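Listed here are the chains, written in short residue letters.
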Amino acid sequence: MNNIKLGFYGATGNVTGSCYLLQANGMNILVDCGLYQEHDLKDRNWGKFPIPPETLDAVVLTHAHLDHCGRIPRLVLQGYDGPVYCTAATADIAQIVMEDCGKINEEDAAFKRVRHAREGRKGPHTDEPLYTMDDAQEAGKNFVAVDFDRPLELGEGVSVEFVTVGHILGAAACRFVITQGKESRTIVFSGDVGRWDMPILQDPAIIGPVDYLVVESTYGDRIHGETASIPDELAKIVNETADAGGNLLIPSFAVERTQELLYFLALLSADDRIPKLRIYVDSPMATKVNTVFAHHPYLFDSETTRMARTVKVSNVSVVRSAADSKSLNHIRGSVIIISGSGMCTGGRIKHHLCHNIGNPAATVLFVGYQASNTLGRQILDGNKTVRILGEEYDVKARIERITGFSAHADQKELLRWMDSIPNTPRQVFVTHGEPRAAEALKQKILSIKGWNATVPRYQQIVTLN
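Residues numbered from 1 in each chain as written. Predicted model: local features only at pLDDT ≥ 70, side-chain atom pairs only at ≥ 80, totals over all residues. Heavy atoms only, no water.

Enquirer: Describe the side chain of Thr-90, and please don't skip the residues or the numbers.
Expert: Here Thr-90 lies in helix H3 (residues 88–119). A relative accessible area of 0% means that Thr-90 is categorised as buried. (Helix = DSSP H or I, 4+ residues; strand = E, 2+ residues; numbered from the N terminus. Buried < 20%, exposed > 50% of the residue type's maximum accessible area, 1.4 Å probe, protein only.)

Encoded structure:
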């Protein structure tokens, strides 16, 4: 076969900024175009793309998390005007995610301009947002929805198929088939692999034969807590916080995690295992995503479909305006506040942290991955003081974590997902993990499965012969 090239332009040595370039049969295809969220890598968001955007033939999107879709408006601003292929649910959620990011970009740029002027200092990229909400809306016009499990011809001898992978609503592994004459090669990008027996979503599907595999390794070095233990852990934290008289703050990703939290809180409340505290969903994006979930019930598992018919929830309030969000600071008695962003890098959670993190009666509960150098990671790592919105705060609140919530497969589950590949791939590329996690998964693939595996470098280009 003629050369097929694979370039690694994101999620190498870290877990955000997913971006791969597949070059085959004269086509240039970008797989994911994610935002960098680690503080020390954010300048990459402003950089040039690996090839001129106008020379790209297609963008293929695995799912709608910001670290996979968040730079698409930037790509369009720099000249891309082609299709962005993804599943229907991914298209709906990505539009919300990108618009929210654009809005936050505008607000952060304005806030930093004022603060930096007051402090007499200048920083990079403070005079303009990375992109605006209008830019995100414009980029959404490029999205093309594709059904699961139906190969789509992108060009001569190049097709892609979206395969259910769990993780979040609409998420898929992307299975490319490159054909030249009588020969073909199958290249699979895992995206983010989900878990089995989680609420709401169907389990990851069988992948089938693969020649080259690009697999994530977010939790490639660890084993999650049991999903079955989530209700007990959550009930304990809710009850102890209520007994102390403080608020329970849950930084949560608007996509999937917020919906899972509401699922478990509803079950616990229906079974009288926790007090019926008022639950505030203080995330405009999560509210919009809830509507998308209602539009795609065919993606739910049987347990969620059954629960939706039988369990009614009356103690959940949706916080819509910024003024209503601020008013939560004046409520007396314990409440549960679920707010974005999940890594505390932006959004309304920062304001709630300012008012609660210094209160020993309050609890901050983490239910998702905290990338290196994010505010959430600093709090979770036990920093005694943290900087929030330009001010220093002592961390006196109780800090808790429930690992079973993770939407990412752990090491054992990633290997289980790879077990559905019946052949020995020519090569496995381990990406989307911090160095220790990626290396650990690579070693497991080598020792347990006996497959060739490597951890690619940032901007490395590999020729697949």
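On we go from here.
Enquirer: So what's going on with the nonpolar core? Residues and values would help.
Expert: Residues Ile-72, Phe-176 and Trp-417 are the most contacted members of the largest nonpolar core, which totals 124 residues. The dominant element in this core, judged by the number of residues it contributes, is H3, at eight residues. The contacts of Trp-417, once residues within four sequence positions are left out, are Val-165, Ala-173, Val-188, Ser-190, Val-193, Trp-196, Pro-204, Ala-205, Ile-207, Leu-213 and Val-215. Counting 20 residues, the second-largest nonpolar core is a separate cluster that includes Ile-337, Val-364, Phe-366 and Ile-379. (Core = buried A, V, L, I, M, F, W, Y, C linked by side-chain atoms within 4.5 Å. Contact = heavy atoms within 4.5 Å.)

Enquirer: Please set out the side chain of Arg-348 residue by residue, giving values where relevant.
Expert: Of note, Arg-348 is situated in the loop between strand S15 (336–339) and helix H10 (349–356). Since its relative accessible area comes to 17%, Arg-348 is described here as buried. Within the local environment of Arg-348, its side chain forms a polar contact with the backbone oxygen of Val-319, the two atoms lying 3.4 Å apart. Contacts of Arg-348, omitting those with residues within four sequence positions, involve Asp-282, Pro-284, Val-319, Arg-320, Ser-321, Ala-322, Ser-325, Ser-339 and Gly-340. (Polar contact = N/O pair within 3.5 Å; in protein donor to acceptor, adjacent residues only side chain to side chain.)

Enquirer: Go over H10 with me, naming the residues and quoting the values.
Expert: Within H10, six of the eight residues are buried, which leaves it mostly tucked inside the rest of the structure. Within H10, the full set of buried residues consists of Ile-349, Lys-350, His-352, Leu-353, Cys-354 and Asn-356.

Enquirer: Mind laying out the sheet that holds strand S4 (residues 58–60), listing which residues take part and the relevant values?
Expert: Strand order in the open sheet formed by seven strands is S6-S5-S4-S3-S2-S1-S22, with mixed pairing between adjacent strands. On the outer flanks of this sheet lie strand S6 (143–145) and strand S22 (461–464), each paired with one strand and no other. Between one strand axis and the next, the sheet turns by 25° as a mean value, whatever way the strands run. Pairing of strand S2 (residues 20–24) with strand S3 (residues 27–31), which is carried by five bridges, proceeds in the antiparallel orientation. (Pairing = 2+ DSSP bridges. Axes fitted to C-alpha atoms, helices over the stretch in contact; angles between N-to-C directions.)

Enquirer: Describe in detail helix H13 (residues 435–449), supporting the description with residues and values.
Expert: Look at H13: 21 Å from first C-alpha to last across 15 residues, which is about the 21 Å you get at 1.5 Å a residue. Residues of H13 that are buried include every one of Ala-437, Ala-438, Leu-441, Lys-442 and Ile-445, and no others. When H13 is viewed along its axis, its buried side chains cluster within an angular range of 135° and face the same direction. Away from its buried face, by an angle of more than 90 degrees, H13 presents the exposed residues Pro-435, Arg-436 and Ser-447. Here the buried face of H13 lies against strand S11 (212–216), helix H12 (411–418), strand S20 (427–431) and strand S21 (453–454). Gly-450, located one to two residues past H13, shows a positive phi value of around 75°. (Expected span 1.5 Å × (residues − 1). Arc of directions from axis to C-beta.)

Enquirer: If you had to explain the pattern of salt bridges to someone new, which residues and values would you point to?
Expert: In this structure the tally under the stated criterion is 20 salt bridges. A salt bridge links Arg-387 to Glu-392, with the shortest nitrogen-to-oxygen separation between them at 3.8 Å. The partly exposed category is assigned to Arg-387, whose relative accessible area is 39%. The class of Glu-392 is exposed, set by a relative accessible area of 51%. A salt bridge links Glu-400 to Arg-398, with the shortest nitrogen-to-oxygen separation between them at 3.4 Å. In this structure Glu-400 comes out as partly exposed when scored by relative accessible area, which is 23%. Residues joined by salt bridges that share partners form a network here, namely Lys-236, Glu-240, Arg-398 and Glu-400. (Salt bridge = Lys/Arg side-chain N within 4 Å of Asp/Glu carboxyl O.)

Enquirer: Can you tell me about the packing of H12 against H13, naming the residues and giving the values?
Expert: Contact pair H12 / H13: the axes reach a minimum separation of 11 Å and the direction vectors enclose 50°. One finds that H12 runs oblique with respect to H13. The element H12 and its partner H13 pack so that their crossing is right-handed. For the pair formed by H12 and H13, the contact residues are Gln-411, Leu-414, Leu-415 and Met-418 on the first element and Ala-440, Leu-441, Lys-444, Ile-445, Ile-448 and Lys-449 on the second. (Parallel < 35°, antiparallel > 145°, perpendicular 65-115°, else oblique. Left-handed = near helix turned anticlockwise from the far one by under 90°.)

Enquirer: Can you lay out the sheet that holds strand S12 (residues 248–251) for me, pointing to particular residues and giving the numbers?
Expert: Within the open sheet, the six strands sit side by side as S14-S13-S15-S12-S16-S19. Their pairing is parallel. Pairing within the sheet leaves two strands with one partner each, and these edge strands are strand S14 (316–318) and strand S19 (398–401). Adjacent strand axes in the sheet meet at a mean angle of 20° when their direction is disregarded. In the packing of helix H5 (residues 230–244) onto the sheet, contacts are made with S12, S15, strand S16 (363–366) and S19, and the angle to S19 comes to roughly 165°.

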